[in-house]
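Fold and geometry: a report
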Amino acid sequence: MEITDLLLLPLYLALVYFIATRIKAKHDNDPIYQKYYIKGLNYKIFGAIGFALIYLLYYKGGDSINYFQAARPLYSFAFTNPDKYIEFVFDTKSAYPDQLYMQAWAKGVDYMLRGNATLTVIRCVSLVNLFCFDSYMSCTVIFAFISYYFIFKTFRLFVAIHPQLEKELSISFLMIPSAIFWGSGVGKDAIMLSAIMYFFLCFYRMVILKQSIIQNALKLLFIAYVMSIIRGFMIITVTPCLILMAAIYYRNAFKSPVVRFISLPLFLGGGLIASYFFIQNIGNQMQTYSLDSMQKTAEGFKSWHTYLGDTQGGSAYSLGDVDYSTAGIIRKAPLAISIALFGPFFWQIRNPIMLLSGIESLIFLYYFFKVFINTKA
């Protein structure tokens, strides 16, 4: 942490809350904004500052710090070579400026300059950093504030759809510690969380509410493009779910119970077929996200996380021997999903940060069985 962080952080917090107060006042007739907007922002900012401090003081490094370090040389470069800076930021095919490479190498972050996904994150961090006077803490607060904008918009939509679940939705969107922590800092996670939220929001407005169809379609294309560069498999995960949601929605629009019953397999079948062709088309357009490529990527992630767990005390786990064919992945899916939703389990905890995550996962597991039992009853 540098002196600029200590000096600028209070100013940026004041700026964020000033803007937030104006946004809340603009929606003075909306009880959801009045009740939750500042409250949710408090959690978000607290999580963001906690995220930054843990990476600075506990981990003393990590991807978040490295993204910022890779973006720092671009700060002065933007003022000395504005044309080349603009070309780098807005042309996703452009490479990191050659004259800055040695600075990145000296900081030990040159490995992040080799992939388009990490370069895209660096571009985003650089743009935010232009308004943060090269301060990591201030950049983190602004990242959190931008991310919160999209999260709250989507939360507001869900409350409009299910007003009876207002309290439950507020907890889900605004108060889950791990989502606040990992979705607030400088890095891929905050960008992807924001993109997923806004992708759903635009899709719902366009397909279900039929609002500003062309505008929302253009937004969807842009968001999909950004997601495809950073973590394209998210599109393959999210879009089929949205297609099925739309299919079920229009099936439920029929008033006759008989027609709804007869049309259910047709709409579900149509949604599944559309999802299948979407995934196939994405795989053909971007070989990185073909099924074969994703199987190889999954194997690579497993090897890397196992290495981190063995050498650096990271959050690794074992699924046993895995056959990375489609059938093999399907067989391991239930165990993998269980660990993703309810892990780390207490026997997997290796440091204080994982302990907090383990406590949260245990609470999730409790509510999962509670909901399952109550629904069954």
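Residues numbered from 1 in each chain as written. Predicted model: local features only at pLDDT ≥ 70, side-chain atom pairs only at ≥ 80, totals over all residues. Heavy atoms only, no water.

**Thoughts on helix H11 (residues 213-231)**
The end-to-end C-alpha separation of H11 is 26 Å, in line with the 27 Å expected for 19 residues at 1.5 Å each. For H11, every residue scored as buried is listed here: Asn216, Leu220, Ile223, Ala224, Val226, Met227, Ser228, Ile229 and Ile230. Tucked inside the fold, the buried residues of H11 contact helix H6 (116-129), helix H10 (188-208) and helix H12 (233-252). (Helix = DSSP H or I, 4+ residues; strand = E, 2+ residues; numbered from the N terminus. Expected span 1.5 Å × (residues − 1). Buried < 20%, exposed > 50% of the residue type's maximum accessible area, 1.4 Å probe, protein only. Contact = heavy atoms within 4.5 Å.)

**Here's the deal with the pattern of salt bridges**
Scanning the model with the defined rule gives 5 salt bridges in all. For Arg156, the salt bridge goes to Asp30, with nearest N and O atoms at 2.8 Å. Placement of the pair is Arg156 in helix H7 (residues 136-161) and Asp30 in the loop between helix H1 (3-26) and helix H2 (31-58), with a sequence separation of 126 residues. Overall, the relative accessible area of 22% leaves Arg156 in the partly exposed class. As a salt-bridge pair, Lys35 and Glu166 come within 3.2 Å of each other at their nearest N and O atoms. In this pair, Lys35 sits in helix H2 while Glu166 sits in helix H8 (residues 166-174), placing the two residues 131 residues apart along the sequence. (Salt bridge = Lys/Arg side-chain N within 4 Å of Asp/Glu carboxyl O.)

**Observations regarding a nonpolar patch on the surface**
Side chains of Phe346, Leu355, Leu356, Ile359, Leu362, Ile363, Tyr366 and Tyr367 sit close together on the surface and give an oily, nonpolar patch of about 800 Å² of accessible area. If you trace the backbone, Phe346 turns up in the loop between helix H15 (326-342) and helix H16 (352-376). Classification of Phe346 as partly exposed rests on a relative accessible area of 42%. (Patch = residues over 30% accessible without salt bridge, like charges linked within 9 Å, V, L, I, M, F, W, Y side chains within 5 Å. Areas by Shrake-Rupley, 256 points an atom, 1.4 Å probe, with all protein chains shown as cover.)

**Digging into the nonpolar core**
One finds Tyr96, Ile122, Val125, Tyr136, Phe152 and Phe155 to be the most contacted residues of the largest nonpolar core, which totals 86 residues. Sequence-distant contacts of Phe155, that is, excluding residues within four places in its chain, are made with Ile32, Tyr36, Glu166, Leu169, Ser170, Phe173 and Leu174. (Core = buried A, V, L, I, M, F, W, Y, C linked by side-chain atoms within 4.5 Å.)

**Things to note about the packing of aromatic side chains**
Under the definition given, this model contains 21 aromatic pairs. A ring pair is formed by Tyr37 and Tyr148, whose centres lie 5.4 Å apart and whose planes are at 55°; its orientation type is tilted. Note that Tyr37 is positioned in helix H2 and Tyr148 in helix H7, a separation of 111 residues in sequence. Each of the two residues, Tyr37 as well as Tyr148, counts as buried. One residue, Arg123, lies across the ring of Phe88, its end atom 4.6 Å from the ring centre. (Phe/Tyr/Trp six-rings, centres within 6.5 Å; stacked < 30°, edge-to-face > 60°. Lys NZ or Arg CZ within 6 Å of the ring centre and 35° of its normal.)

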